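Tertiary structure, described
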Amino acid sequence: LADFEDLVTDVAFDPTGRLLAAGVRNGTVDVWEIAGLKAGASPQPIATVVGGVGSNDAGGLVHLSFVDEGSLVLGFLAQVEVWDIAQTGGPRFTL
């Protein structure tokens, strides 16, 4: 898993260990299915979410974590977003 175009700020495994998410400073988070992955493989992300959009004050991505197998929490300097990785059109809600 390589070729990030910005500074990777956090990574997280889902509770089952099947998924891995990596977030970069600009708010982009890629999710890969890693269960059964062979050494040297170059998998493509199964989902990409772009958080912090629409808020000039969100700041950079500082934390991400899985709530469950399908939900991500993205923490920015000035807001928190909860995403469903199957519905990447926008966060479920923003705090």
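Described below are features of the structure shown in this document. This structure is a prediction, so every number in the text was calculated from the model and none was measured.

Most of strand β2 (residues 19-24) sits inside the fold, with 6 of its 6 residues counted as buried. Neither face of β2 is left uncovered, since the one carrying Leu 19, Ala 21 and Gly 23 and the one carrying Leu 20, Ala 22 and Val 24 both have all their residues buried. Bridge count between strand β1 (residues 8-13) and β2: 5 bridges; the pairing is antiparallel. The residue bridging Phe 13 from the neighbouring strand is Leu 20, located in β2. Hairpin connection from β2 to strand β3 (residues 28-33): 3 residues lie between these consecutive antiparallel strands, with Gly 27 at a positive phi of about 100 degrees.

A few words now on a nonpolar patch on the surface. On the surface, Val 80, Phe 93 and Leu 95 cluster together into a nonpolar patch covering about 280 Å² of accessible area. Counting through the fold element by element, Leu 95 comes out in the segment after β8 (93-94). Given a relative accessible area of 66%, Leu 95 falls into the exposed group.

Sheet architecture is open: 4 strands sit in the order β5-β6-β7-β8, paired in antiparallel fashion. Both edges of this open sheet fall to β5 (61-68) and β8, since each of them pairs with a single strand only. Pairing between β5 and strand β6 (residues 71-76): 6 bridges, direction antiparallel. Residue pairing for β6: Ser 65 is matched across the bridge by Val 73.

About the thresholds
- Each residue is numbered by its place in its chain's sequence as written, counting from 1.
- In keeping with the model being predicted, local features are shown solely for residues with a pLDDT of at least 70 and side-chain atom pairs are shown and tallied solely at 80 or more, while totals for entire chains, interfaces and linings include all residues.
- In computing side-chain values, all of the structure's heavy atoms are included and hydrogens and water are not.
- Under the scheme applied here, a residue whose accessible area is under 20% of the maximum for its type counts as buried, over 50% as exposed, and between as partly exposed, the area being computed with a 1.4 Å probe on protein chains only.
- A run of H or I in DSSP becomes a helix once it reaches four residues, and a run of E becomes a strand once it reaches two; helices and strands are each numbered from the N terminus.
- Pairing between strands requires that DSSP locate at least two bridges from one strand to the other.
- The patch calculation keeps residues exceeding 30% relative accessible area without a salt bridge and links them within 9 Å when they carry like charges or within 5 Å when they are nonpolar (Val, Leu, Ile, Met, Phe, Trp, Tyr).
- Method for areas: the Shrake-Rupley scheme with a 1.4 Å probe, in which residue coverage is limited to the protein chains shown.
- Any Lys or Arg side-chain nitrogen found within 4 Å of a carboxyl oxygen on Asp or Glu counts as a salt bridge.

What is shown is where atoms sit, not what they do.
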